[in-house]
There are 2 protein chains.
Amino acid sequence: MKKIRIGIVGYGNIGKALETAIKNSSDVELVAVFTRRSPSEIKIKTETAKVVKFSQAEKYKDNIDVMVLCTGSAKDLPVHGVEFAKMFNTVDSFDTHAKIPEYLNNVDESAQASGKVSIISIGWDPGLFSMIRMISEAVLPNGVTHTFWGKGVSQGHSDAVRKVPGVKKAIQYTIPIDSAVDRIRSGENPKLSAGEKHLRECFVVCDENADKSKIESQIKSMPNYFADYETKVHFISEEEFEMNHSKMPHGGLVIRNGLTGVGKLHNQTIEFSLKLESNPEFTSSVLLAYARAAYRMNMAGMKGAKTIFDVPIYYLSPRSREELIKDLL
Amino acid sequence: MKKIRIGIVGYGNIGKALETAIKNSSDVELVAVFTRRSPSEIKIKTETAKVVKFSQAEKYKDNIDVMVLCTGSAKDLPVHGVEFAKMFNTVDSFDTHAKIPEYLNNVDESAQASGKVSIISIGWDPGLFSMIRMISEAVLPNGVTHTFWGKGVSQGHSDAVRKVPGVKKAIQYTIPIDSAVDRIRSGENPKLSAGEKHLRECFVVCDENADKSKIESQIKSMPNYFADYETKVHFISEEEFEMNHSKMPHGGLVIRNGLTGVGKLHNQTIEFSLKLESNPEFTSSVLLAYARAAYRMNMAGMKGAKTIFDVPIYYLSPRSREELIKDLL
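These lines cover the structure that appears in this document, whether it is placed above or below.

What follows concerns the overall build of chain A. Assigned secondary structure in chain A consists of eleven helices and 14 strands. Taking 2.2 N^0.38 as the reference for a compact globule, 329 residues should give roughly 20 Å; the C-alpha atoms of chain A span a radius of gyration of 22 Å, in line with that estimate. Considered along the principal axes of its C-alpha atoms, chain A spans approximately 65 × 60 × 35 Å. The proportion of buried residues among the 329 residues of chain A is 58%. For chain A, the proportion of contacts with a sequence separation of at least 24, taken over those separated by at least 6, is 67%. As displayed, chain A offers around 14,100 Å² of accessible surface, 48% of which is attributable to carbon and sulfur atoms. Seen as two clouds, the 43 positive and the 40 negative side-chain charges of chain A have centres 4 Å apart.

Given below as C-alpha cells:
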C-alpha cells in the first residue's frame, strides 16, 4: 500500500515528537520538515526526509499528502493555517479558544478554494476532551461537565514565572485538587472556580543573590496566572532542576454527571482521563491520526475546514472499516 | 423548531427507558410505541402517543422520522432491523458480536433501497466503548487495550442462574477485580483472561426446601457462564431481594496503555469509564442521541447502514455545529 506522505511545518517540541510518531506508524512517511530558519541549522532524524524553507513549500504540492502544522497558535497558525490550506490537506492544534470560529472560517475559505481538507484544533484539549464533552452532553442533556487539567506542565505558566526578575529557570505544574475530583466523581456537581479545582506548583532556579521571598511573592500575586490559585513555590538547584524537571508529563480528566429518568432519577457518570508521560508525543500522535483522516476524507471527495466534531472516526485508523467493525465494535 | 418524531419498537426495559429519555429532551417527541402484543395490554406514559401493532407500522411512514428498535438481538433484530429499514431511519443496539458484519450488510441492503439511514449496534458496549477502543488504537498504535465490565447486572448470567432447578429469583453482578485494574492503570499490560479480570456475585432466592449446596455447585460449575470465574453465591430472602436488588446498575472501563517515542519510550494511558445507576436509561439515552443523528444524516442526504465509527459526532446534539464549536471545542 502506498504510504501517506507527511510534511511537518515547524520543528519545535510537537514537530520533533511528530517525527517519532511517523517512525512508529507503518502507513505514513515523512517527506520534509519546513522551517523559517536556515535549513542547515536543523538536524532531523529521518535520513530520507529533507529540511526545506517555508518559501519552497509550493514545490511539494504533488509530493506531500498532508501538512501537519506544528507552529504556535498565537501568531503563527492564523497565517500558516490559511496559507498552507491553499495548497495542502492540513492538520493543526490551534488552541486560542476565543478565536476558533474566526480561524475556522478563514481556513475554510482556503480549503474550499483548493479542494483540500483542513482539520483544525486537534490534540487533547482542544481535541479528544472536546469530543468527550460534546458526546457526553448530547447523551446526558440534564447534567454538568467538569474538566480538570494535570498533573502536568503548563508552558504558559512556566514562561510567566521565567519572566520574573531573578528567575533563571522555572517550571510550573498544574495539579487537580483531589478532594474536588472526588466530590464530582461521587455525583456531586459543585460550582468550582478553576482555582478551587487546581493548585499550581512551581520549581524555580534563581540567580545568585536573588531575593527569594520577593520572587515568591511576585509569582503568587501575578494576576490571571497565579493570584486566584493556591500556589506553591520551591527553590531548587540547577542540578535538581535538570535531573527531575526536564520531562513534559501532562494529563487531565473530563467528567460528566447526568440525571436520567422521570420521577425516580438516576445518576450516570461518564469519565475520560489521560495520564501522559510525554505531552508533545501524545499530542503529535493525535495529530498524526487526524492527518491520516484529512487525507482519506479528501480522497473520499470531501473538502473544507473541519473540526473533531465533523470527522467519522474510522478515518483515523490505517485499518479498513470492515476490519474495525469486526474487531473493535 | 419542528421536533424529531420518534417511534419505539418494543416496550421492554430499553423501550420504557427510552420513553423517559424522550420526555427529557425538548427536540424530540414520541409518536407511537409498536408492539407484537395486543396494544390494549400496554400502558405507556406519554398521553399524546399511541400504541400500535407491528403490522400497522407502514401507515406511519410519513409521521415518524426515526424508529428506535428496542427488541432483542438474538432473534428479533435480525428480522426487525432489516424490515424497519425498508421504511424508516432506524437505530438499534444489536449486540451479537460475531454476527455484526452480516447484520450490517443485511440492514444496509434495506436502507440503500429505501434511501434511509440505519445506525446499528448503539449503546455503550457495543457503542461508546467501541468508539474509545477504536480511537485509542489509532492514536496509540503501539499499545494494548483492556475492557472491564461492571460493577453491574448481567441479564444473560442472571437468566442462567434462574434456570437452575430450585432457584426462584436470582440476579448476577459482574465485578471488575480491583487488583487487575490497578496493574493496568499503572502501565502494566498483563495478559489476563476474562476470569482473571472479573468476579461474579450471585444473589439467589430459592424454593422452600431446595438443596442450597447443590444449587451453589450447579451455578459455580456452569460452563462458559461461571466455571472460569471466581463466583460468589449468596442465598437471601425474597424481601431482601426485592429491597436491594431491583435496580439495574452497570458500568465499566476501557483502558489503553500505549508507548510513544523512539529510543526513550513514554507510557501514555487513555481511560474511559462509566458508572451507571440505571443501565437501560443510559443505553436508551445513547440510542436517542444516535436517533437524532440518523435523522439529521438522512436530511443531509446520506443513506445506508452505519456504525458508531461512521457518524460525525456533531449530529448527536440538538445544538448547531457553530454553537458546539464555540462552546465545547
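It is worth spelling out the pattern of salt bridges at this point. By the definition in use, this model includes 34 salt bridges over all chains. Here Asp-65 of chain B and Arg-5 of chain B are joined by a salt bridge, their closest N and O atoms 3.0 Å apart. Here Asp-65 of chain B is found in the loop between β3 (50–53) and β4 (66–69), whereas its partner Arg-5 of chain B is found in strand β1 (residues 4–9), with 60 residues between them in sequence. We classify Asp-65 of chain B as buried; its relative accessible area is 8%. Among the residues examined, Arg-5 of chain B registers a relative accessible area of 21% and is labelled partly exposed. The partner of Lys-168 of chain B in a salt bridge is Glu-238 of chain B, with the nearest N and O atoms 2.9 Å apart. Of this pair, Lys-168 of chain B sits in strand β9 (residues 167–176) while Glu-238 of chain B sits in helix α9 (residues 238–244), and the two are 70 residues apart along the sequence. A cluster of three or more residues bridged by salt bridges with shared partners is formed by Glu-137 of chain A together with Arg-319, Glu-323 and Asp-327 of chain B.

This part takes up the side chain of Ser-154 of chain B. Residues and elements named next belong to chain B. Tracing the chain through its elements places Ser-154 in the loop between β8 (152–153) and α5 (155–162). Only 2.8 Å separates the side chain of Ser-154 from the side chain of His-157, close enough to count as a polar contact. Residues within four places of Ser-154 in sequence aside, it is in contact with Gln-172 and Thr-174.

On to the packing of helix α1 (residues 13–23) of chain A against helix α10 (residues 279–299) of chain A, then. All names here are of chain A. Relative orientation of the contacting elements α1 and α10 amounts to 65 degrees, with a least axis distance of 8 Å. In the crossing of α1 with α10, the sense of the turn from one axis to the other is right-handed. In contact with Asn-13, Ile-14, Ala-17, Leu-18, Thr-20, Ala-21 and Ile-22 of α1, α10 contributes Pro-280, Glu-281, Thr-283, Ser-284, Ser-285, Leu-287 and Leu-288. For the contact of α1 with α10, the per-class residue count stands at eight nonpolar, five polar and one charged.

We now examine the relation of the copies chain A and chain B. The two copies are related by a screw operation: chain A maps onto chain B through 180 degrees of rotation and 0.0 Å of translation along the axis, at an RMSD of 0.0 Å. Such values leave the two copies arranged in the relation of a two-fold axis. Comparing contact sets, 98% of the residues at the interface of chain A also lie at the interface in chain B, consistent with an isologous, same-surface contact.

Accessible area lost upon the coming together of the parts is a frequently used measure of interface size. Tallying the contact residues gives 66 residues for chain A and 66 residues for chain B. Taken together, the two surfaces of chain A and chain B that pack against each other cover about 6,000 Å², and 63% of this comes from carbon and sulfur. It is Phe-309, Ile-313 and Leu-329 of chain A that lose the most area in chain A upon contact with chain B, and together they represent 13% of the buried surface on that side. Viewed at the interface, chain B and chain A are joined by four salt bridges. With a closest N to O distance of 2.8 Å, Arg-319 of chain A and Glu-137 of chain B form a salt bridge. The tally of links between chain A and chain B comes to 32 residue pairs in polar contact (both at pLDDT 80 or more). Elements represented by at least two residues in the side of chain A that touches chain B include exactly α1, α3 (100–114), α4 (128–139), β13 (266–276), α10, β14 (304–306) and α11 (321–328) of chain A. When its residues are assigned to classes, the side of chain A that touches chain B shows 33 nonpolar, 18 polar and 15 charged. When β13 of chain A meets strand β13 (residues 266–276) of chain B, the two strands line up antiparallel, connected through nine bridges. Its bridge partner lying in β13 of chain B, Glu-271 of chain A is registered against Ser-273 of chain B.

Turning next to the pairing of strand β10 (residues 198–206) of chain B. All names here are of chain B. The buried fraction of β10 amounts to nine of the nine residues, a majority that puts the element mostly inside the structure. Here β9 runs beside β10; their pairing, made up of nine bridges, is antiparallel. The residue bridging Pro-176 from the neighbouring strand is His-198, located in β10. Bridge count for β10 against strand β11 (residues 230–235) is six bridges, and the pairing is parallel. In the strand pairing of β11, Val-204 is matched with Phe-235. Once you follow β10 into helix α8 (residues 212–220) and on to β11, the crossover reads as right-handed.

Another point: the sheet that holds strand β3 (residues 50–53) of chain A. Residue and element names in this part refer to chain A. Within the open sheet, the seven strands sit side by side as β3-β2-β1-β4-β5-β6-β14. Their pairing is parallel. Across the chains shown, the open sheet's two edge strands, defined by having one partner strand only, are β3 and β14. Neighbouring strand axes in the sheet, compared pairwise and without regard to direction, differ in orientation by 25 degrees on average. In this sheet, strand β4 (residues 66–69) lies alongside strand β1 (residues 4–9) in parallel orientation, the contact comprising four bridges. Residue pairing for β4: Ile-6 is matched across the bridge by Val-66.

Criteria and thresholds
Residues numbered from 1 in each chain as written. Chains lettered and ligands numbered in written order. Predicted model: local features only at pLDDT ≥ 70, side-chain atom pairs only at ≥ 80, totals over all residues. Heavy atoms only, no water. Helix = DSSP H or I, 4+ residues; strand = E, 2+ residues; numbered from the N terminus. Rg over C-alpha atoms; globule rule 2.2 N^0.38 Å. Buried < 20%, exposed > 50% of the residue type's maximum accessible area, 1.4 Å probe, protein only. Contact = heavy atoms within 4.5 Å. Areas by Shrake-Rupley, 256 points an atom, 1.4 Å probe, with all protein chains shown as cover. Lys, Arg positive; Asp, Glu negative; His and termini not counted. Charge placed at Lys NZ, Arg CZ, Asp CG, Glu CD. Salt bridge = Lys/Arg side-chain N within 4 Å of Asp/Glu carboxyl O. Polar contact = N/O pair within 3.5 Å; in protein donor to acceptor, adjacent residues only side chain to side chain. Axes fitted to C-alpha atoms, helices over the stretch in contact; angles between N-to-C directions. Left-handed = near helix turned anticlockwise from the far one by under 90°. Nonpolar A, V, L, I, M, F, W, Y, C, P; charged D, E, K, R; others polar. Least-squares fit on C-alpha atoms with pLDDT ≥ 70 in both. Buried area = accessible area lost by both parts, 1.4 Å probe. Pairing = 2+ DSSP bridges. Right-handed = clockwise from strand over helix to strand, strands pointing away.

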